[in-house]
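A look at the structure
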Amino acid sequence: MRDFKPAPPPIALLAELTHRCPLACPYCSNPLDLLKREAELSTVDWAGIFAQAADLGVLQVHLSGGEPLSRRDLPQLVRAAREAGLYVNLITSGIGLTADRLAELDEAGVDHVQLSLQGVTAEMADAVGGYRGGYARKIEVAGLITARGLPLTLNAVMHRANIGDLAETIDFAARLGARRIEIACVQFYGWALQNRAALMPSRDQVEQAKRVVAAALPRYKGVLAMDFVPPDYYADYPKACMGGWGSTGLNVAPDGMVLPCHAAQTIPGLTFPKATEMPLAEIWYRSAAFDAFRGDDWMPDPCKSCARKELDHGGCRCQALALGGDARMADPVCRHSPARGVVDRLLADLPESGTEPGADLPAYVYRR
């Protein structure tokens, strides 16, 4: 009988209610093989998952997609999550959010809204999102959210085309009444990996972005909280992806597949159960897939003998697979990884100039 490694209970659940979305962002973290509406879990299924998650120790649920507003039963899902005792965070593009729908969601118990931002001009935002009029709609929606007194976070994904607008992006968030901005340089999974050559910012752009954030922090102290996630590829050491595999949270895909992170299903040899076929607690504590990279027994050197292994847990398994071809190897962004040369060559091949797809950069492959 397999001995499973001990794990603390999860504290967060990312509920990907649907893969349907009016936007077509080229950096979307959804898988390339998008699930159809027919594959989505029912209202009752999700309500059961929320109850199980709360019993397991989860404190907050992030309702995401795709675009969660694509589901007509979203108010019922919010209500079910609140009745389970969960803090409810809605992650949305804002497309489809009217004053009436927001009132219904507020009354159902939504606690917080995260609004995605593709750019600070209509030209940039609509080009990146692949949706004409999306920028104007987003500004209107931000006003609706703050007018109801709901806390608002702006999610700003930064990449080669828009990272030069970072100072304006931070100011824009403050003017919209956001309480927090998450400045996340694009992470290369899903559709973003397909578009890496067009999206990867230059080293100079990244260094300038760090200076912009450092200057903005004291200016907006007490007004706008900021989280900044720089690109992995320019780091010397990997991030502690998800706080370590299967240690802090779980994702449930639209069809009920339970994952430790967005891209985990790309790893061959792992079978991820569905929440409709196995209790969440059993999946979390006693499934081989969630147990696969817990602890350090799985680690090869240099990770196993590294003093940093308790800090970064060997880095990202999905990134190790994407860059090095082996999910068990040291994350290739680590300067000690045998595959670090792959990252260095990718960065060396980036064009020195050009910020938008065109002559110097490949065209976006939009999420469709």
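The structure this text deals with has already been given above.
The text that follows walks through the structure, step by step, so that each part is easy to find. Given the structure is predicted, the values throughout are model-derived calculations rather than measurements. (Residues numbered from 1 in each chain as written. Predicted model: local features only at pLDDT ≥ 70, side-chain atom pairs only at ≥ 80, totals over all residues. Heavy atoms only, no water.)

Focus on the packing of aromatic side chains
Two descriptors summarise a pair of aromatic rings, namely the distance from one centre to the other and the angle between the planes of the rings. Counted only if it meets this: Only the six-membered ring of Trp is used, alongside the rings of Phe and Tyr, when aromatic pairs are assigned; centres must lie within 6.5 Å, and planes under 30 degrees apart are stacked while those over 60 apart are edge-to-face, with the rest tilted. Counted as over-ring charges are cases with an Arg CZ or a Lys NZ within 6 Å of the ring centre that also lie within 35 degrees of the ring normal.
This model, assessed by the stated rule, comprises seven aromatic pairs. Lying across the ring of tryptophan 284, arginine 294 places its NZ or CZ 4.9 Å from the centre. A cation over an aromatic ring shows up here: arginine 308 above the ring of tyrosine 237, its NZ or CZ 4.1 Å from the ring centre.

Overview of the pattern of salt bridges
What counts is decided by this rule: In the sections that follow, a salt bridge refers to a side-chain nitrogen of Lys or Arg positioned within 4 Å of a carboxyl oxygen of Asp or Glu. Relative accessibility under 20% of the residue-type maximum defines a buried residue, over 50% an exposed one, and the middle range a partly exposed one, all with a 1.4 Å probe and only protein chains included. Counting from the N terminus, the helices are the DSSP runs of H or I reaching at least four residues and the strands are the DSSP runs of E reaching at least two.
Throughout the structure, instances matching the rule amount to 16 salt bridges. Among the ionic pairs, arginine 180 bridges to glutamate 182, the shortest N-O distance being 3.1 Å. Taking relative accessible area as the criterion, arginine 180 reaches 24% and is therefore assigned partly exposed. Of the charged contacts, one joins lysine 309 and aspartate 296 as a salt bridge, the two residues approaching to 2.9 Å between their closest N and O atoms. Of this pair, lysine 309 sits in helix 12 (residues 309-312) while aspartate 296 sits in the loop between helix 11 (288-291) and helix 12, placing them 13 residues apart in sequence. For aspartate 296, a relative accessible area of 21% puts it in the partly exposed group. Several salt bridges converge on common partners, so that one network encompasses Arg20, Glu40, Arg71 and Asp73.

So, the side chain of glutamate 40
Test applied: For this analysis, a polar contact is any N or O atom pair within 3.5 Å, provided that within protein one partner can donate a hydrogen and the other can accept it, and provided that sequence-adjacent residues contribute only side-chain to side-chain pairs. Any two residues whose heavy atoms approach within 4.5 Å at even a single point are treated as in contact.
Its location among the elements puts glutamate 40 in the loop between strand 1 (12-16) and helix 1 (43-56). Here threonine 18 takes part through its side chain, which lies 2.5 Å from a polar atom of the side chain of glutamate 40. Not counting chain neighbours up to four residues away, the residues in contact with glutamate 40 comprise Leu17, Thr18, His19, Arg20, Arg71 and Pro254.

What about the packing of helix 6 (residues 166-175) against helix 9 (residues 203-219)?
Quick reminder of the rule: Between the N-to-C directions of two axes lies an angle of 0 to 180 degrees, each axis being a line fitted to C-alpha atoms and, for a helix, fitted only over the stretch in contact. In these notes the angle categories are as follows: under 35 degrees is roughly parallel, over 145 is roughly antiparallel, 65 to 115 is roughly perpendicular, and the rest is oblique. Rotating anticlockwise by less than a right angle from the far helix to the near helix defines a left-handed crossing, while the corresponding clockwise rotation defines a right-handed one.
Axis separation between helix 6 and helix 9 bottoms out at 9 Å; the angle between their running directions is 30 degrees. In terms of orientation, helix 6 and helix 9 fall into the roughly parallel class. Handedness of the helix 6/helix 9 crossing: right-handed. Where helix 6 approaches helix 9, its residues Leu166, Ala167, Ile170 and Asp171 are matched on the opposing element by Ala209, Val212, Val213, Ala216 and Arg219.

Quick word on helix 14 (residues 340-348)
As a reminder, the rule being used: Comment: arc refers to directions from the helix axis out to C-beta atoms.
Taken together, the buried positions of helix 14 are Arg340, Val343 and Leu347. Seen end-on, helix 14 carries its buried residues on one side only, within an arc spanning 60 degrees. Of the exposed residues in helix 14, the ones pointing more than 90 degrees away from its buried face are Arg345 and Ala348. Where the residues of helix 14 are buried, they touch helix 9 and helix 13 (317-324).

Notes on the environment of tryptophan 284
Relative to the helices and strands, tryptophan 284 resides in helix 10 (residues 280-286). Separated by 25 residues in the primary sequence, tryptophan 284 and lysine 309 place their C-alpha atoms 22 Å from one another. Those residues within four positions of tryptophan 284 in sequence are excluded, and the remaining contacts are Ala7, Pro8, Pro9, Pro10, Leu56, Gly246, Ser247, Thr248, Gly249, Leu250, Phe290 and Arg294. A polar contact of 2.9 Å, which involves the side chain of tryptophan 284, links it to the backbone oxygen of proline 8.

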